[in-house]
Number of protein chains: 2
Amino acid sequence: MAESTYTLKGMTCGHCVASVTEEVAGIEGVQNVDVDLATGTVTSGEPVPVEKVAAAVTEAGYELVS
Amino acid sequence: MAESTYTLKGMTCGHCVASVTEEVAGIEGVQNVDVDLATGTVTSGEPVPVEKVAAAVTEAGYELVS
């Protein structure tokens, strides 16, 4: 299965992880989301356009950097 | 009006502030709560026993240090 992994900044705690997870999980077609606080990454089990991830991350209050 | 101010550690973001505020606001007799992320302090508008604040802060996932 193809994955999409993006790096973001601004997450500092478990609450942040929960917020990003919730927003990214809300993207159409995304069924599996893993957010890693230590590395600042969010991985979707499904391919997902960067624009949609960026919008979701912004909605959660963080910033996509790569 | 007498206030109670306590210092805690572990808060890193607005979500943390919200969690601490919610728990301390739930203490009997507490009507006004101000949590300052920059200083790591929580102030109650009413006098409140340290034991109750410590329990609330622990419940929120943080630690009372003074």
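Right, let's walk through the structure included here. (Residues numbered from 1 in each chain as written. Chains lettered and ligands numbered in written order. Predicted model: local features only at pLDDT ≥ 70, side-chain atom pairs only at ≥ 80, totals over all residues. Heavy atoms only, no water.)

Overview of the overall build of chain A
- Broken down by element type, chain A carries two helices and four strands.
- N-terminal to C-terminal, the α/β element order of chain A is β-α-β-β-α-β.
- Taken against the 2.2 N^0.38 rule, which gives 11 Å for 66 residues, the C-alpha radius of gyration of chain A at 10 Å falls within 12% of a compact globule.
- Judged by the C-alpha coordinates and their principal axes, chain A covers about 30 × 20 × 20 Å.
- Sorting the 66 residues of chain A into buried and exposed places 41% on the buried side.
- Excluding contacts between residues fewer than 6 apart, the proportion of contacts in chain A whose partners are at least 24 apart in sequence is 63%.
- Per element, the accessible surface of chain A, about 3,600 Å² overall, is 50% carbon and sulfur. (Helix = DSSP H or I, 4+ residues; strand = E, 2+ residues; numbered from the N terminus. Rg over C-alpha atoms; globule rule 2.2 N^0.38 Å. Buried < 20%, exposed > 50% of the residue type's maximum accessible area, 1.4 Å probe, protein only. Contact = heavy atoms within 4.5 Å. Areas by Shrake-Rupley, 256 points an atom, 1.4 Å probe, with all protein chains shown as cover.)

Thoughts on the relation of the copies chain A and chain B
- For these two chains of identical sequence, chain A goes onto chain B by a turn of 180° and a shift of 0.0 Å along the axis, with RMSD 0.0 Å. Such a turn and shift between the copies fits a two-fold axis.
- Mapped onto chain B, 100% of the interface residues of chain A are again interface residues, and the two copies thus contact each other with one and the same surface. (Least-squares fit on C-alpha atoms with pLDDT ≥ 70 in both.)

Thoughts on the nonpolar core
- Grouped together as the largest cluster of nonpolar side chains are 38 residues, with contacts concentrated most on Val20 of chain A together with Val20 of chain B.
- Elements with a minimum of two residues in this core: β1 (4–9), α1 (14–25) and α2 (50–60) of chain A together with β1 (4–9), α1 (14–25) and α2 (50–60) of chain B.
- Other than its neighbours up to four places away in sequence, valine 20 of chain B contacts Leu8, Met11, Val35, Val42, Ala60 and Tyr62 of chain B. (Core = buried A, V, L, I, M, F, W, Y, C linked by side-chain atoms within 4.5 Å.)

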